[in-house]
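Results of the structural survey
Residues per chain, in single letters:
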Amino acid sequence: MAAEAKATPSPQTGQRSLAEVLRTVLAPVGQMLVFVIGSAVALSLLVTLLALLQIGARPDLLVRTWTILPQVIIDGLVRGFLFATIALGYTMVYGVLEFINFAHGEIFMVGGVVGAAAALALATAGLLPAIPGLLFVLLIIATGMVVSGALAVTVERVAYRPLRGAPRLVPLISAIGVSLVLQDVARLIMTSTPLGFNARFNTPDFGPPIRLFEMNLGERPVPVIISPKALIFVSAAVVMLVALNYLVNATRLGKAIRATAQDRSTASLMGINVNQIIALTFLVGGALGGAAGALFGMYVGTVNPYMGFIPGLKAFTAAVLGGIGNITGAMVGGIVLGFLEAFVASYLSLFTGGAFSGAAYADIAAFSILILILIFRPSGLLGEATTQKV
C-alpha cells in the first residue's frame with residue numbers, strides 16, 4: 001500500500017476534491033488493466049514465437065496454438081483474480097504490522113465452507129431453484145465475509161496481539177499453528193455434519209456459458225466462451241479492489257490505517273486507537289478472504305478443509321511478486337502469476353509433444369519465472385523500498 005501513502009490532500013483545504021478521490025480510487029484499476037493486457041500480449045507473443053520455431057517439423061502447431069489461446073487467456077485471468085483476491089488480505093495485514101499471516105489461507109477456506117453451508121441450507125429448504133442468481137451471490141458473499149471477518153479478528157486478538165512485542169519468528173510460528181488448528185476444526189465440523197469432507201457447493205442455474213466471439217482458424221470456427229460463474233468471480237474481484245482503494249484512500253478509517261502503518265507510536269499520540277485499527281485491518285482482510293473463498297467455492301463446485309493451503313501459498317507469492325504492502329501490487333502479482341500458470345499448464349504439453357504434462361509442471365515453471373523476476377526486482381513489480389509501509 002505504498003502508493004496509497006503518497007496520496008496527499010489539497011494544501012489549501014486539507015481535503016481532496018471529488019476528482020482527486022476518483023483518480024486515486026480508480027487509477028489502480030487502470031494500472032491493473034495495463035498489466036492484464038501487457039501480460040496477455042507478452043505471453044501470447046512468446047507462445048506464437050515458440051510455435052513458429054517448430055513449424056518446420058510440426059506444420060499444424062501454429063494453428064493449434066492460436067486455437068486455444070483465447071481460452072487460455074480467460075483461464076489465466078480467472079486464476080489470477082483468485083490469487084489476487086486472497087493476496088489482498090495478506091497485503092493489508094503486512095502493510096500495517098509487517099507480519100505474514102499464514103493463517104489467511106484458512107480464513108479463505110472458512111469463507112468457502114460457510115458459503116457451501118448456506119447454499120446447502122437453501123437447497124434443503126427448497127429455496128435454491130427459485131432464488132435469483134444475483135441474490136444468491138450476494139448472500140453467500142455476505143455470509144462468507146461476516147464469518148471470516150469475525151474469525152480473523154478473533155485470531156488476531158487471541159493468537160497475535162499477545163505476541164506483538166515478541167521476536168518476529170514467534171508470531172510467524174503462531175500463525176502456522178492457527179492455520180493447522182483451523183484446518184482440523186473445519187474438518188471436524190464438516191465430517192460431523194451433512195456437508196461432508198468434500199462438500200458440494202450447490203448453486204442455482206446461472207445459465208449456459210457466454211459466447212464472447214468466434215475465431216475462424218482453418219476450416220472450423222472456434223468459439224471463445226466464459227462461464228457465468230467465472231464472469232461473476234472476475235467482476236466481484238474488481239469491485240473488491242475499487243472498494244478497498246476507496247476505504248484506504250478516501251475515508252477517515254483509511255487515513256487511520258495508513259497512519260498506523262507509517263508509525264504506530266506517533267499515530268497513538270495523535271489519538272488513534274492502534275489496537276482497534278489493527279483489529280479493523282484484520283476484519284477487512286478476513287472479510288475479503290471470506291468473500292474470495294465463497295466465490296471460489298461457487299466457481300469450482302466443491303470445498304474441503306484443505307482448499308486454502310495451496311491457493312493461500314500462491315496468493316502470498318502473488319503479494320510478494322506485486323510488492324507486498326501494495327494493494328494494487330497484490331492484484332497485479334496475482335494476475336501475472338495466474339497467466340503464467342495457465343500458459344504453462346496449457347502449452348507445455350503441446351510444445352513438448354506430450355513429453356511433459358503442463359498441469360504437473362505448471363507450478364514449477366511459474367515459480368521459476370517468479371524467482372527470476374524477484375532476482376532482478378526484489379521489491380516486486382509495484383513495490384518500492386522494502387521499509388515503506390501502507
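Residues numbered from 1 in each chain as written. Predicted model: local features only at pLDDT ≥ 70, side-chain atom pairs only at ≥ 80, totals over all residues. Heavy atoms only, no water.

**Notes on the overall build of the chain**
- Scanning the chain for helices and strands turns up 13 helices and four strands.
- The C-alpha radius of gyration computed for the chain amounts to 22 Å, which stays within 12% of the reference 21 Å derived for 390 residues, consistent with globular compactness.
- Projecting the C-alpha coordinates of the chain onto the three principal axes gives extents of approximately 70 × 55 × 40 Å.
- Looking at the chain as a whole, 49% of its 390 residues qualify as buried.
- Accessible area for the chain stands at about 17700 Å²; split by element, carbon and sulfur atoms hold 69% of it.
- Both charge centroids of the chain, one from 22 positive and one from 15 negative side chains, sit 7 Å from each other. (Helix = DSSP H or I, 4+ residues; strand = E, 2+ residues; numbered from the N terminus. Rg over C-alpha atoms; globule rule 2.2 N^0.38 Å. Buried < 20%, exposed > 50% of the residue type's maximum accessible area, 1.4 Å probe, protein only. Areas by Shrake-Rupley, 256 points an atom, 1.4 Å probe, with all protein chains shown as cover. Lys, Arg positive; Asp, Glu negative; His and termini not counted. Charge placed at Lys NZ, Arg CZ, Asp CG, Glu CD.)

**Some remarks on the packing of helix 3 (residues 61-97) against helix 11 (residues 309-322)**
- For the pair helix 3 and helix 11, the least separation of the axes is 8 Å and the interaxial angle reads 70 degrees. By the criterion of interaxial angle, the relationship of helix 3 to helix 11 is roughly perpendicular. Across from Phe83, Ile86, Ala87 and Tyr90 in helix 3, the residues of helix 11 making contact are Pro311, Gly312, Leu313, Lys314, Ala315, Phe316, Ala318 and Ala319.
- Its residues assigned to classes, the contact of helix 3 with helix 11 shows ten nonpolar, one polar and one charged. (Axes fitted to C-alpha atoms, helices over the stretch in contact; angles between N-to-C directions. Parallel < 35°, antiparallel > 145°, perpendicular 65-115°, else oblique. Contact = heavy atoms within 4.5 Å. Nonpolar A, V, L, I, M, F, W, Y, C, P; charged D, E, K, R; others polar.)

**Remarks on the environment of threonine 65**
- Inspection of the secondary structure assignment puts threonine 65 in helix 3.
- Sequence separation between threonine 65 and tyrosine 347 is 282 residues; the distance between their C-alpha atoms is 7.8 Å.
- Excluding anything up to four places from it in sequence, threonine 65 contacts Val47, Ala51, Tyr347, Leu350 and Phe351.

**So, the packing of aromatic side chains**
- All chains considered together, the criterion is met by eleven aromatic pairs.
- Taken together, a centroid distance of 5.6 Å and an interplanar angle of 15 degrees make the contact between tyrosine 347 and phenylalanine 351 stacked. On the criterion of helical spacing, the pair formed by tyrosine 347 and phenylalanine 351 is a turn pair, its members being four residues apart in helix 12 (residues 327-351). Like tyrosine 347, the residue phenylalanine 351 is buried in the burial classification.
- Among the aromatic residues, ring-to-ring pairing joins Phe339, Phe343, Tyr347 and Phe351 into one connected group. (Phe/Tyr/Trp six-rings, centres within 6.5 Å; stacked < 30°, edge-to-face > 60°.)

**Some thoughts on a nonpolar patch on the surface**
- On the surface, a nonpolar cluster with roughly 380 Å² of combined accessible area is contributed by Leu33, Ile37, Val41 and Leu45.
- Residue placement: leucine 33 occurs in helix 2 (residues 18-53). (Patch = residues over 30% accessible without salt bridge, like charges linked within 9 Å, V, L, I, M, F, W, Y side chains within 5 Å. Salt bridge = Lys/Arg side-chain N within 4 Å of Asp/Glu carboxyl O.)

**Some points on helix 4 (residues 104-124)**
- Spanning 21 residues, helix 4 covers 30 Å between terminal C-alpha atoms, matching the ideal 30 Å at 1.5 Å per step.
- For helix 4, a buried count of 16 out of 21 residues is recorded, marking the element as mostly surrounded by other parts of the structure.
- Where helix 4 ends, the next residue or the one after it, glycine 126, has phi of about 80 degrees, a positive value. (Expected span 1.5 Å × (residues − 1).)

**Topic: the packing of helix 3 against helix 4**
- Between helix 3 and helix 4, the shortest axis-to-axis distance is 10 Å and the interhelical angle comes to 120 degrees. Taken together, the axes of helix 3 and helix 4 lie oblique to each other. The handedness of the crossing between helix 3 and helix 4 is right-handed. Contacts between helix 3 and helix 4 involve Leu82, Ile86, Gly89 and Tyr90 on the former and, on the latter, His104, Gly105 and Phe108.
- Broken down by class, the residue content of the contact of helix 3 with helix 4 amounts to four nonpolar, three polar and no charged. (Left-handed = near helix turned anticlockwise from the far one by under 90°.)

**Remarks on the pattern of salt bridges**
- A full pass over the atoms with the stated rule returns six salt bridges.
- Between arginine 161 and glutamate 156 there is a salt bridge, with the nearest N and O atoms lying 3.2 Å from each other.
- Judged by its relative accessible area of 23%, arginine 161 is partly exposed.
- Accessibility expressed as a relative area gives 1% for glutamate 156, which makes it buried.
- One network of salt bridges, in which partners are shared, links Arg79, Lys314 and Glu341.

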